[in-house]
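# Architecture and fold: a report
Spelled out from the first residue to the last, the chains are:
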Amino acid sequence: MTGLYFHIPFCASRCIYCGFYSTTLTELQNRYVDALIREMEMRRHGDTISTIYLGGGTPSQLSEENLHRLFSAIYNKVENDVSFQVSPNAEVTMECNPDDITPQFAQTIAKLPINRVSMGVQTFDDVRLSFLRRRHKSAQITPAVEQLRQVGVNNISIDLIFGFPKQTLDEWDIDLQKAIELDVVHISAYSLMYEEGTPLFKLLQQHRVSEIDESKSLDMFNMLVDTLTANHYEHYEISNFARKGYRSRHNASYWQGIPYLGLGPSAHSYDGNSRQWNNSNLKKYMDAIENKTIPMERETLDEDTKYNDWITTALRTKEGLNLALLSDAHRNYLLQAAQPHINQGNLVLIDNHIALSRAGIFISDSIMSDLIKV
């Protein structure tokens, strides 16, 4: 089984915190969908597709016509050489902005194989939405969820951000309570990141904003976990919470070493033995595809790199890393490196799995750094 990822780079405007490749050149989307279909033809294989994910960028910026063209190609409903076999119970996710979910767009989704929507809510505070340069308003969030449910899409995930400059615990609690009131089946929550190259990072360098201190960030994370678990969400990955049966199957590909194929500029792929990634430039990507070449780089993974990948992916999950997946040498290396963290209560070893404890989650980057082989 394989995951299939499409990077849809178009955005009507850019958010100040986003480090993903995107462009506001939405007039290129017809040509771009042509290129995606051609890349599918060039990278066809016979593996069964278990999950499909349209990420971005803002996939909900695609027109109804282009969405139909793309899914017709994926599901072999047009004359082309694509040979993907999609599982009948595949999870098919599309990222959407709340303001894009109009009654008409919801009907478009209902006509497609999309059965899961991931919505970029981020916060219910309009001042903070404006700070992030998000296009939607808080008042548009609930109607967007209701529109999706009316057309039969009930597998809805929302993204939240915490740790805004000067944000208080009470303000974060308001966001969490409003998220719970939506009664969606999946919530992802991330601390605001100041990624180099983003407008937000520039504001930080100019001392126009300041990061919240580590202790308050920890308090917000603990509030997140306590509040969502008390409301029947399973904390199954560092940043992800789901009602029973609604874990993100596609994202599990990344955490469990399942092969996935990424199409579009900046998209990454993994086949178990190598990683590949496409050029992060829309026009160069389209030019290359139109000349029947894939603008892709490849890295073959040695055994140490595969081990390091397990550390930085499987350890993010509730179940942790199954030691049986490792060679004797890597298992022994890991257990020796992990022992101080086990002694400190930041890692736990249960049933041949090593996993982060509740205390260890907040310092996961530091722990993983100690466990990887350099």
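These numbers come from a predicted model, not from an experiment. (Residues numbered from 1 in each chain as written. Predicted model: local features only at pLDDT ≥ 70, side-chain atom pairs only at ≥ 80, totals over all residues. Heavy atoms only, no water.)

### Quick word on the overall build of the protein
A count of helical and extended segments in the protein gives 14 helices and 15 strands. Here the protein has a C-alpha radius of gyration of 21 Å; the compact-globule value for 374 residues is 21 Å, and the two agree. By principal-axis analysis of the C-alpha atoms, the protein measures approximately 60 × 50 × 45 Å. The burial tally for the protein puts 51% of its 374 residues in the buried class. Just so you have it, the protein exposes about 17200 Å², and 47% of that area is on carbon and sulfur atoms. (Helix = DSSP H or I, 4+ residues; strand = E, 2+ residues; numbered from the N terminus. Rg over C-alpha atoms; globule rule 2.2 N^0.38 Å. Buried < 20%, exposed > 50% of the residue type's maximum accessible area, 1.4 Å probe, protein only. Areas by Shrake-Rupley, 256 points an atom, 1.4 Å probe, with all protein chains shown as cover.)

### Quick look at the sheet that holds strand S15 (residues 353-356)
Taking strand neighbours across the sheet as the criterion, the 3 strands line up as S13-S15-S14 in an open arrangement whose pairing is antiparallel. Because the sheet does not close on itself, it has two edges, and the strands there are strand S13 (321-322) and strand S14 (347-350). Relative to S15, S13 runs antiparallel, the two being bridged by 2 bridges. Bridge pairing in S15 links Leu 321 to Ile 354. (Pairing = 2+ DSSP bridges.)

### Notes on the pattern of salt bridges
Inspection of every chain in the model, using the stated rule, returns 21 salt bridges. Its salt-bridge partner being Arg 298, residue Asp 271 comes within 4.0 Å of it at the nearest N-O pair. Separated by 27 residues along the polypeptide, Asp 271 in the loop between strand S10 (268-270) and strand S11 (274-278) and Arg 298 in strand S12 (residues 296-300) bring together distant segments of the chain. Judged by its relative accessible area of 39%, Asp 271 is partly exposed. Several salt bridges converge on common partners, so that one network encompasses Glu 234, Arg 247, Lys 318 and Glu 319. (Salt bridge = Lys/Arg side-chain N within 4 Å of Asp/Glu carboxyl O.)

### Things to note about helix H11 (residues 303-313)
Of the residues making up H11, those classed as buried are Thr 305, Lys 306, Tyr 307, Asn 308, Trp 310, Ile 311 and Thr 313. Lining the buried residues of H11 we find helix H9 (249-256), S11, S12, S13, helix H12 (328-344) and helix H14 (364-371). For H11, the side-chain oxygen to backbone nitrogen distance between the N-cap and Asp 304 is 3.3 Å, and the N-cap itself is Asp 302. (Contact = heavy atoms within 4.5 Å. Polar contact = N/O pair within 3.5 Å; in protein donor to acceptor, adjacent residues only side chain to side chain.)

All quantities given are derived from atomic positions and should not be read as evidence of function.
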